[in-house]
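# Results of the structural survey
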Amino acid sequence: DQSALDDLMDKLVALRHQVALNADFKNFRDYQFAALHRFDYGPQDCEAFHQSIREKVVPLTTKRLEKRRKEMGLETLRPYDLSVDPKNQPALSPFKTSDEFLEKSIQCLNRIDPSFGALLAVMGQDGYLDLDSRKGKAPGGFNYSLNESGIPFIYMNASGRHQDIETMIHEAGHAVHALIDAQHIDFTPARSTPAEVAEVASMGLELISMGAWDIFYPDPQDLKRAQIEKLEDILASLPAVAKVDSFQHWLYLNPDHTPETRAQKWMEIEDQYSSRLIDQTGYEDLRKIVWQRILHIFEVPFYYVEYGFAQLGAVALWRHYLQDPQKALEAYKSFMQYGYTLTIPELYEKAGIKFDFSPQYIGELMDFVEVQLQKLED
Ligand SMILES: [Zn+2]
């Protein structure tokens, strides 16, 4: 399907460029920033984010890969060496039944804040949860706000894996957010925040909850393993987001490109965000079209970088939490009261964090993550 998808992308780029011109924009990038209501940041902020990720995150992911290479006793890492447990351990198994899953999730949230656990308990009692995977059920997970009652609904596909814990806590973060803003804001359209903010509530709670994962993992080795993997996933996700965003900027600033120059540009960008430690020899043809797997590029152009911003916000929130749990939780709950009645930077400030993509700030956050990893691996 490579050439079919290339044709489709060519058509999309041309049409989108024309839409932008029709609306008196110079290019589709600038048009789409306006269409996505990005009032609080512009393309230059995204470029600063890309640059900081290259400077401050990529060296750290490279270090982690070098560690993996040694652990696996390999000369060079190949792409397929990245998605396995380096010590060849069986997958983590944090729970067996959905009752156990719910019970432990409630305990986990209670440890952070009893009101969070209480919300999940009520949702469980009153039928606001659909957790189990079953035949014929659509994949995915989400939290859905029910505006009248203020009690949200969580849908997911649990199957006893570690990822289920993160999904549950993630959606519980959205649920807490939905409940708190419903309690404080009557005008429904003013409640819903954009992903840059909403995902701080959910991704932030994932990180905060890590300290209570012993409820799922009584064995300290399992606990450490889950925590280390979580932090490594975060490190890997940031360059992945920056790469796709950077590529999209190029696509629409150069609407006359050909499939060949597009493939070339993708590889060039990939090189900037990937480690030289991964030997991709023999996969050159596949490397050129990896971007075609990313649905967002086709369907929701430019909607992607939000998750990188929010991930940084989540790390900052967690850092605050480890320094001063009580104050951090107050700030966490306080920013949710405002729904979307403040700007993104103002909401971040209420949450006790910064909306900042400077290499200084991102470097600080990455140093913090590295220290946490070192502590876990001591
Ligand atoms: Zn989310």
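Below you will find a few notes about this structure. Starting afresh in each chain, residues are numbered from 1 along the sequence in its written order. Local features are withheld for residues below a pLDDT of 70 in this predicted model, meaning they are given only at 70 or higher, and side-chain atom pairs are given and counted only at 80 or more; totals for whole chains, interfaces and linings count all residues. The side-chain quantities take in all heavy atoms of the structure and omit both hydrogens and water.

### Some points on the overall build of the chain
Here a helix means four or more residues in a row that DSSP labels H or I, a strand means two or more in a row labelled E, and each is numbered from the N terminus. Scanning the chain from N- to C-terminus turns up 15 helices and three strands. The principal-axis extent of the C-alpha atoms belonging to the chain is close to 55 × 55 × 45 Å. We call a residue buried when its accessible area falls under 20% of the maximum for its residue type, exposed when it is over 50%, and partly exposed in between, using a 1.4 Å probe and counting protein chains only. Counting across all 378 residues of the chain, residues that qualify as buried make up 52%. The Shrake-Rupley method, run with a 1.4 Å probe sphere, supplies the accessible areas, and residue values consider only the shown protein chains as cover. Element-wise, carbon and sulfur atoms account for 52% of the exposed surface of the chain, whose accessible area totals about 18,000 Å². For the charge count, each Lys or Arg is scored as positive and each Asp or Glu as negative, with His and the chain ends excluded. Charge coordinates come from a single atom per side chain, which is NZ of Lys, CZ of Arg, CG of Asp or CD of Glu. Here the chain carries 39 positive and 58 negative side-chain charges, and the mean point of each set is 4 Å from the other.

### As for the coordination of the zinc ion
Each protein donor to the zinc ion is listed here as His170 (NE2), His174 (NE2), Glu199 (OE) and Glu199 (OE); together their distances run 2.1 to 2.6 Å. With water omitted from the atoms examined, metal sites may look incomplete; donors here are N, O and S atoms no farther than 2.8 Å from the metal, or 3.2 Å in the case of Na, K and Ca. Between 85 and 135 degrees for all angles marks four donors as tetrahedral; over 155 degrees for opposite donors together with 65 to 115 for all other angles marks four donors as square planar and six as octahedral; every other arrangement is irregular. One way to put it: the four donor atoms around the zinc ion meet at angles of 53 to 143°, and that makes the site irregular. Of note, the zinc ion draws all its donor residues from one chain, in the sequence arrangement H-x3-H-x24-E. With a gap of 29 residues between them, His170 in helix 6 (residues 162–184) and Glu199 in helix 7 (residues 195–209) connect regions that are remote in the sequence. Note on accessibility: His170 and Glu199 belong to one class, buried.

### Notes on the environment of Leu207
Along the chain, Leu207 turns up in helix 7. Sequence separation between Leu207 and Glu166 is 41 residues; the distance between their C-alpha atoms is 8.9 Å. The contact criterion used is simple: two residues touch if any of their non-hydrogen atoms lie within 4.5 Å. Excluding residues that lie within four positions of it along the chain, Leu207 makes contacts with Lys230, Leu231, Ile234, Gln311, Ala314, Val315 and Trp318.

### Section: the pattern of salt bridges
Salt bridge criterion: a side-chain nitrogen from Lys or Arg within 4 Å of a carboxyl oxygen from Asp or Glu. Applying the stated criterion across every chain yields a total of 29 salt bridges. Where Arg64 meets Glu232, a salt bridge forms, and the shortest distance between an N and an O atom there is 2.8 Å. Placement of the pair is Arg64 in helix 3 (residues 43–72) and Glu232 in helix 8 (residues 220–253), with a sequence separation of 168 residues. Asp271 is paired through a salt bridge with Arg287; the nearest N and O atoms lie 3.1 Å apart. Here the residue Asp271 occupies a position in helix 9 (residues 259–273), and Arg287 occupies one in helix 10 (residues 284–287), the gap between them amounting to 16 residues.

### Considering unusual backbone geometry
Phi is mostly negative for residues that are not glycine, and the peptide bonds are mostly trans. In this structure, Asp24 is a non-glycine residue whose phi angle is positive, near 65°. Relative to the assigned elements, Asp24 resides in the loop between helix 1 (2–22) and helix 2 (28–35). Positive phi values are uncommon outside glycine, yet His37 reaches one of about 55°. Inspection of the secondary structure puts His37 in the loop between helix 2 and helix 3.

### Remarks on the environment of Ala226
Inspection of the secondary structure assignment puts Ala226 in helix 8. Placed 63 residues apart in sequence, Ala226 and Gln163 show a C-alpha to C-alpha distance of 9.6 Å. If near-sequence neighbours (up to four positions away) are discounted, Ala226 is found in contact with Leu92, His162, Trp213 and Tyr217.

### Notes on the packing of aromatic side chains
Under the pairing criterion, centres of Phe, Tyr and Trp rings, with the six-membered ring standing for Trp, must be within 6.5 Å; the plane angle then separates stacked pairs below 30 degrees from edge-to-face pairs above 60, leaving the rest tilted. Counted under the stated rule, the structure contains 24 aromatic pairs. A ring pair is formed by Phe247 and Trp266, whose centres lie 5.0 Å apart and whose planes are at 75°; its orientation type is edge-to-face. Pair noted here: Phe247 is in helix 8 and Trp266 is in helix 9, with a separation of 19 residues, a long-range link. For the pair Phe247 and Trp266, one class covers both residues: buried. Plain terms: the ring middles of Trp291 and Phe298 are 5.8 Å apart, the flat faces sit at 20° to each other, and that makes the pair stacked. Side by side, Trp291 and Phe298 carry an identical accessibility label, which is buried. Following the ring pairs from residue to residue traces out a cluster consisting of Phe25, Phe28, Tyr31, Phe33, Tyr41, Phe49, Tyr252, Phe302, Phe309, Tyr348, Phe355 and Phe357. Think of it as a cone above the ring: NZ of Lys or CZ of Arg counts as a charge over the ring if it is within 6 Å of the ring centre and within 35 degrees of the ring normal. Arg38 extends its terminal NZ or CZ atom over the ring of Phe33, reaching a point 4.6 Å from the ring centre.

### Some details on the sheet that holds strand 3 (residues 153–158)
By definition, two strands form a pair when at least two bridges between them are found by DSSP. The strand order across the open sheet built from three strands is 1-3-2, with neighbouring strands paired in mixed fashion. The outermost strands of the open sheet, each flanked by one partner alone, are strand 1 (129–132) and strand 2 (142–144). For this sheet, the mean inter-axis angle between neighbouring strands, taken without regard to orientation, is 10°. One ladder, built from three bridges, connects strand 1 with strand 3; its direction is parallel. Each residue of the ladder has a partner; that of Asp130, found in strand 3, is Tyr155. Interaxial angles span 0 to 180 degrees and are taken between N-to-C directions of axes, which are lines fitted to C-alpha atoms, for helices over the stretch in contact. Sheet contacts for helix 6: strand 1, strand 2 and strand 3; angle to strand 3, the most-contacted strand, approximately 175°.

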